[in-house]
Amino acid sequence: MNARQALCTLLMAGALTTAAMAEAQEIAGTYVNETGRTKVKISDCNSGVCGTIVWMNQPVNDINNPDASKRDRPVVGLQAVSMKATGPGTYAGTLYDPETGKTYSGKAKVAGNAVELSGCVLGGLICKSATWRRD
């Protein structure tokens, strides 16, 4: 193999590695939360990504919502995640937790076959983190 062939081989390997890394950073998909009781489908929307609750093992209504007019709506079907990309495999936006009725300023990071989420309220005074695995 001459130097030119070696260079072409390296460039092609680099291109394939970059493509694989970009694919690995894709957040779109359906995820199961840490308890296994809820599934959220994350997909492209409004120049960002949205996450909709698509399944619960015991469906409930949004009884903890601070807006009393929304407490009778089912949690399945709610958009709980709204984020925009901040870099390869990283996102920032808001996360709604129907168990507490709180909306958090949040971040997400794709980590292999999972997404690591973190969110805070009250300027970072109260924070939560979770890892959802791809379903």
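Above this note sits the structure.
From a predicted model like this one, the values you see are computed outputs, not experimental measurements.

Chemist: Provide a residue-level description of the overall build of the protein, including the pertinent values.
Modeler: When helices and strands are counted, the protein shows one helix and eight strands. Helices (α) and strands (β) of the protein occur, in sequence order from the N terminus, as α-β-β-β-β-β-β-β-β. Burial status across the protein gives 28% buried among its 135 residues. Surface accessibility of the protein: about 8500 Å² in total, with carbon and sulfur atoms responsible for 57%.

Chemist: If you had to explain the pairing of strand β5 (residues 90-97) to someone new, which residues and values would you point to?
Modeler: In this sheet, β5 lies alongside strand β4 (residues 79-87) in antiparallel orientation, the contact comprising six bridges. Looking at β5, one finds that valine 81 is bridged to leucine 95. Hairpin geometry of β4 and β5 is characterised by an intervening segment of two residues between the two adjacent antiparallel strands and by a positive phi of about 75° at glycine 89. Two strands pair when backbone bridges link them, and β5 and strand β6 (residues 102-111) are joined in this way by eight bridges, in the antiparallel orientation. Counterpart to threonine 94 in the pairing with β6 is serine 105. The antiparallel pairing of β5 with β6 creates a hairpin that spans four residues between the two strands, and glycine 101 there sits at a positive phi of about 75°.

Chemist: Go over the sheet that holds strand β3 (residues 48-56), please, and point to the residues and values.
Modeler: In space, the eight strands of this closed barrel follow the order β1-β2-β3-β4-β5-β6-β7-β8, with antiparallel pairing throughout. Ignoring strand direction, the axes of neighbouring strands in this sheet form an average angle of 30°.

Chemist: Requested: an account of the layout of surface pockets, with residues and values cited.
Modeler: Of the pockets and cavities examined, the largest pocket occupies roughly 490 Å³. Counting residues per element, the lining of the largest pocket draws most heavily on strand β8 (residues 126-134), which supplies four residues. Classifying every residue of the lining of the largest pocket gives 13 nonpolar, six polar and four charged. Lining the second largest pocket are 14 residues, with Arg37, Met56, Gln58, Val60 and Glu99 sitting closest to its centre. For the lining of the second largest pocket, the class distribution of residues is five nonpolar, six polar and three charged.

Chemist: Give a detailed account of the environment of threonine 30, specifying residues and quantitative values.
Modeler: As for its position among the elements, threonine 30 is in strand β1 (residues 29-32). Remark: the alpha-carbon pair of threonine 30 and isoleucine 53, spanning 23 residues in sequence, is separated by 9.3 Å. Beyond its immediate chain neighbours, meaning those up to four positions away, threonine 30 contacts Lys39, Val40, Lys41, Val54, Arg133, Arg134 and Asp135.

Chemist: Tell me about unusual backbone geometry, residues and numbers included.
Modeler: Even without being glycine, asparagine 46 reaches a positive phi, approximately 45°. You can see asparagine 46 is positioned in the loop between β2 (38-45) and β3. For asparagine 46, a relative accessible area of 68% translates into the label exposed. At serine 47, a position not held by glycine, the phi torsion is positive, near 55°. Here serine 47 is to be found in the loop between β2 and β3. Accessibility expressed as a relative area gives 69% for serine 47, which makes it exposed.

Criteria and thresholds
Residues numbered from 1 in each chain as written. Predicted model: local features only at pLDDT ≥ 70, side-chain atom pairs only at ≥ 80, totals over all residues. Heavy atoms only, no water. Helix = DSSP H or I, 4+ residues; strand = E, 2+ residues; numbered from the N terminus. Buried < 20%, exposed > 50% of the residue type's maximum accessible area, 1.4 Å probe, protein only. Areas by Shrake-Rupley, 256 points an atom, 1.4 Å probe, with all protein chains shown as cover. Pairing = 2+ DSSP bridges. Axes fitted to C-alpha atoms, helices over the stretch in contact; angles between N-to-C directions. 1 Å grid on protein atoms, 1.4 Å probe; cavity = no way out; pocket = protein on both sides within 12 Å on 5 of 7 lines; lining within 4 Å. Points joined across faces, edges and corners; volume = space filled by probe spheres on them. Nonpolar A, V, L, I, M, F, W, Y, C, P; charged D, E, K, R; others polar. Contact = heavy atoms within 4.5 Å.

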